[in-house]
Every structure is written in structure tokens, then in C-alpha cells.
Amino acid sequence: MASTVKLYHNPRCSKSRQALQLIESEGIKPDIIEYLKHPPSYRELEQLLDLLGLEPRQLMRTGEKLYKENNLDDLNLSRKDLIKAMAEHPKLIERPILIHDGKAVIGRPPEKILGIL
């Protein structure tokens, strides 16, 4: 039985589009999650962070206006606060993210995804 390949994708992002193209060039049709339309829940973000082996800020787009507007650079914010912010504002989540066989990777650069396919 083939394992599922999931891609957290933003079609407006060139890196995300490049990652999708790389996956498809390998003959793989991933389950595409347009996370801006269908944001991951708090629990899903916790699971993603565990798979990635990252802390919340490492998954956040710190250059986003929302990051600054919500004072997310405040070092007193807890892990829970940061995950909650990503759940409420999915634009803060770095992309693309590929999940395959219990592993996950952020596709920056997009070629990084090939390491887990």
C-alpha cells in the first residue's frame, strides 16, 4: 500500500509551486492542503512541529506584518501562545511543508523535499 504524501501548499508562493512541481516530477500526486483556506488546528500544528523537530518560531514567517503586529517576537510568549497565533493566522506558517512516511520537511529550498520522498 502506497503511503500518503501531504503538501501544505500556498499556490501563490513560488517556492511552494516549485516544490509541488518537484513532487509531481517524481510521479507522486500529493494530497494538497491549501492551509490558508483550510488552516491546521492547534493540535495539527503541534504534530507538525513534532514531525519537523522544530520550535514554533522556527516554523513562523517572522517577516510577516502579522508577526510584528501581534508582538510575536516577545520572548515571554509561551510555545502555546505561538502555536495559537499560527492556528489563528495561518499566513504566519512557513511553507511549503511536505509530510511523508512519518517525516516532514520545510521545502526551503524546494529541493529539500526530495530528501524524504
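In this report, the structure presented in the accompanying data block is examined. (Residues numbered from 1 in each chain as written. Predicted model: local features only at pLDDT ≥ 70, side-chain atom pairs only at ≥ 80, totals over all residues. Heavy atoms only, no water.)

### Things to note about the packing of helix H2 (residues 42–52) against helix H4 (residues 79–88)
- Between H2 and H4, the least distance of the axes is 9 Å, while the angle of their chain directions is 115°. Judged on the interaxial angle alone, H4 and H2 are roughly perpendicular. Taken as a pair, H2 and H4 cross one another with a handedness that is right-handed. Each of Tyr 42, Leu 45, Glu 46, Leu 49 and Asp 50 in H2 lies in contact with H4, whose residues at this interface are Arg 79, Lys 80, Ile 83, Lys 84, Met 86 and Ala 87.
- Grouping the constituent residues of the contact of H2 with H4 by class yields 6 nonpolar, no polar and 5 charged. (Axes fitted to C-alpha atoms, helices over the stretch in contact; angles between N-to-C directions. Helix = DSSP H or I, 4+ residues; strand = E, 2+ residues; numbered from the N terminus. Parallel < 35°, antiparallel > 145°, perpendicular 65-115°, else oblique. Left-handed = near helix turned anticlockwise from the far one by under 90°. Contact = heavy atoms within 4.5 Å. Nonpolar A, V, L, I, M, F, W, Y, C, P; charged D, E, K, R; others polar.)

### A short note on the environment of Tyr 35
- Tracing the sequence through the fold places Tyr 35 in the loop between strand E2 (31–34) and H2.
- You can call Tyr 35 buried: its relative accessible area is 1%.
- Through-space distance from the C-alpha of Tyr 35 to that of Lys 6 is 11 Å; in sequence the pair is 29 residues apart.
- Those residues in contact with Tyr 35, other than ones at most four positions away along the chain, are Tyr 8, His 9, Asn 10, Pro 40, Pro 90, Ile 93 and Arg 95. (Buried < 20%, exposed > 50% of the residue type's maximum accessible area, 1.4 Å probe, protein only.)

### Quick word on helix H1 (residues 14–25)
- When the terminal C-alpha atoms of H1 are compared, their 16 Å separation across 12 residues agrees well with the 16 Å that a helix rising 1.5 Å per residue should span.
- By the burial criterion, the buried members of H1 are Ser 16, Ala 19, Leu 20 and Ile 23. What you see down the axis of H1 is that its buried residues fit within an arc of 100°, all on one side. Seen from the buried face of H1, the exposed residues on the opposite side, beyond 90 degrees, are Gln 21 and Ser 25.
- Residues of H1 that are buried in the fold lie against strand E1 (5–9), E2 and strand E3 (97–100).
- Of the residues flanking the end of H1, it is Gly 27, one or two places downstream, whose phi is positive at about 80°. (Expected span 1.5 Å × (residues − 1). Arc of directions from axis to C-beta.)

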